Amino acid sequence: MNLMVFGAPGAGKGTQAKFLTERYNIPQISTGDILRAAIADETAMGMEAKKYMDAGKLVPDSTIIGIIQDRLAQDDCANGFVLDGFPRTLKQAQALQKLLDDSGKKLDKVLSFDVPDSQIIERIAGRRVCPKCGASFHVQFNPPKKEDVCDYCGDALIIRKDDNVDTVKNRLEAYHAQTAPLIDFYKDLGIFAPIDGAQELHLVTKDMFEALV
Ligand code: ADP
Ligand code: ADP
Ligand code: ZN
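Remember, predicted model here, so these are calculated numbers, not experimental data.

Calculation rules
- Residues numbered from 1 in each chain as written.
- Chains lettered and ligands numbered in written order.
- Predicted model: local features only at pLDDT ≥ 70, side-chain atom pairs only at ≥ 80, totals over all residues.
- Heavy atoms only, no water.
- Helix = DSSP H or I, 4+ residues; strand = E, 2+ residues; numbered from the N terminus.
- Rg over C-alpha atoms; globule rule 2.2 N^0.38 Å.
- Buried < 20%, exposed > 50% of the residue type's maximum accessible area, 1.4 Å probe, protein only.
- Contact = heavy atoms within 4.5 Å.
- Areas by Shrake-Rupley, 256 points an atom, 1.4 Å probe, with all protein chains shown as cover.
- Lys, Arg positive; Asp, Glu negative; His and termini not counted.
- Charge placed at Lys NZ, Arg CZ, Asp CG, Glu CD.
- Axes fitted to C-alpha atoms, helices over the stretch in contact; angles between N-to-C directions.
- Parallel < 35°, antiparallel > 145°, perpendicular 65-115°, else oblique.
- Left-handed = near helix turned anticlockwise from the far one by under 90°.
- Nonpolar A, V, L, I, M, F, W, Y, C, P; charged D, E, K, R; others polar.
- Near = heavy atom within 4 Å.
- Polar contact = N/O pair within 3.5 Å; in protein donor to acceptor, adjacent residues only side chain to side chain.
- Expected span 1.5 Å × (residues − 1).
- Arc of directions from axis to C-beta.

Engineer: Looking at this model, I keep getting lost on the overall build of the protein chain. Mind explaining?
Structural biologist: Counting its regular elements, the protein chain contains nine helices and seven strands. Relative to the globule expectation of 17 Å for 213 residues, the C-alpha radius of gyration of the protein chain, 16 Å, shows essentially globular dimensions. By its C-alpha atoms, the protein chain is 45 × 40 × 35 Å across when sized along the principal axes. Every one of the 213 residues in the protein chain was classed for burial, and the buried ones make up 46%. Within the protein chain, residue pairs in contact and separated by at least 24 positions form 70% of the contacts whose partners lie at least 6 positions apart. Accessible surface, the protein chain as shown: approximately 10900 Å² in total, 51% of it carbon and sulfur. Considering the protein chain, the positive charge centre built from 26 side chains and the negative charge centre built from 31 side chains are found 1 Å apart.

Here you go:
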């Protein structure tokens, strides 16, 4: 299964992608997580990307496409993957089509979570993430079993540096201007599955799995 979770920042992509990885035993490929790991390692690429991320702007396409090319070539992607947070521009979507074509693969489904901006702001304001495994929780809507501790790996949860009100506005702007146009791209390919992402978390999960049968 070659899948993609799609939606605005904070729409629930990462949360739902985790359930897909568990059910299908495929890796979650989050460009955001890969970039944050590069920042933690203080690589040159990470330091360059950080400037864009802290400002809530998109990292240049060439950097992102390079990351995805390397990641999709790894062995664990042979039986499928869940793309999370990629592609975010038409250029990235076209590069992905080419990468998949060249390796005789295709995307099976784009699971798109639609959530109004007002709700996005609430979700991002209460988000807590695990710096180790990338899992994401919400203080109110999806609290971890033990306060500030990751359910999956036990690491201490943190607030992402870019999860602040000002940066979120820029990220939503970037989403509407540069990423939302991809909806038509994937509708044209006949693999676009719109899901009401504003529902309670478990109802979104239910609709997502129904879209896959
Ligand atoms: P969210 O989905 O909550 O916005 P991500 O972890 O997916 O968070 O992304 C965090 C930041 O990393 C983005 O605001 C952007 O700066 C950068 N980023 C992640 N993926 C991409 C991408 N595909 N193209 C460009 N920038 C990206
Ligand atoms: P994304 O990966 O799209 O940026 P996340 O999966 O990190 O988004 O979710 C953003 C925040 O919203 C997190 O705090 C998460 O726990 C919470 N969340 C996810 N899905 C829902 C939902 N259906 N209802 C309420 N909160 C949700
Ligand atoms: Zn964790």
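Having seen it, we continue.
Engineer: Hey, could you run me through the packing of helix 4 (residues 61–72) against helix 5 (residues 90–102) in this one?
Structural biologist: Relative orientation and spacing of two packed helices are given, respectively, by the angle between their axes and the distance between those axes. Closest axis-to-axis distance for the helix 4/helix 5 pair is 10 Å, and the angle between their directions is 25°. Taken as axis vectors, helix 4 and helix 5 run roughly parallel relative to one another. With respect to the hand of their crossing, helix 4 and helix 5 are arranged in right-handed fashion. Every residue of helix 5 that contacts helix 4 at Asp61, Ile64, Ile65, Ile68, Gln69 and Leu72 is listed here: Lys91, Gln92, Ala95, Leu96, Leu99 and Leu100. The residue makeup of the contact of helix 4 with helix 5, split by class, is eight nonpolar, two polar and two charged.

Engineer: Hey, could you run me through the environment of Ala55 in this one?
Structural biologist: Within the element layout of this structure, Ala55 appears in helix 3 (residues 44–55). Taking relative accessible area as the criterion, Ala55 reaches 28% and is therefore assigned partly exposed. Put simply, Ala55 and Asp166 are 111 residues apart on the chain and 8.7 Å apart in space, counted from C-alpha to C-alpha. Excluding residues that lie within four positions of it along the chain, Ala55 makes contacts with Thr167 and Asn170.

Engineer: Mind showing me how you'd approach the site of ligand 2 here?
Structural biologist: Lining the immediate environment of ligand 2, one finds 19 residues, of which Gly10, Thr15, Arg127, Ser136 and Phe137 sit closest. Measuring from an oxygen atom of ligand 2, one finds a side-chain N or O atom of Lys13 at 2.8 Å. Arg127 is positioned with one of its side-chain polar atoms (N or O) 2.7 Å from an oxygen atom of ligand 2. Protein burial of ligand 2: of its 570 Å² of free accessible surface, 93% is covered by the chains. Among the secondary structure elements, those contributing two or more residues to the shell around ligand 2 are helix 1 (13–24), strand 6 (136–138) and helix 9 (201–210). Residues that form the shell around ligand 2 fall into these classes: seven nonpolar, eight polar and four charged.

Engineer: Help me understand helix 5 in this model?
Structural biologist: Working note: α-helix, 3.6 residues per turn, so residues spaced by three or four point in the same direction. The terminal C-alpha atoms of helix 5, which comprises 13 residues, lie 18 Å apart, in line with the 18 Å expected from a rise of 1.5 Å per residue. Buried within helix 5 we find Gln92, Ala93, Ala95, Leu96 and Leu100. One side of helix 5 holds all its buried residues, which, seen down the axis, span an arc of 160°. Seen from the open side of helix 5, the exposed residues pointing more than 90 degrees away from its buried face are Lys91, Lys98, Asp101 and Asp102. Buried positions along helix 5 lie against strand 1 (2–7), helix 4, strand 3 (81–84) and helix 8 (182–188). Looking at the residues trailing helix 5, positive phi occurs at Gly104, about 65°.

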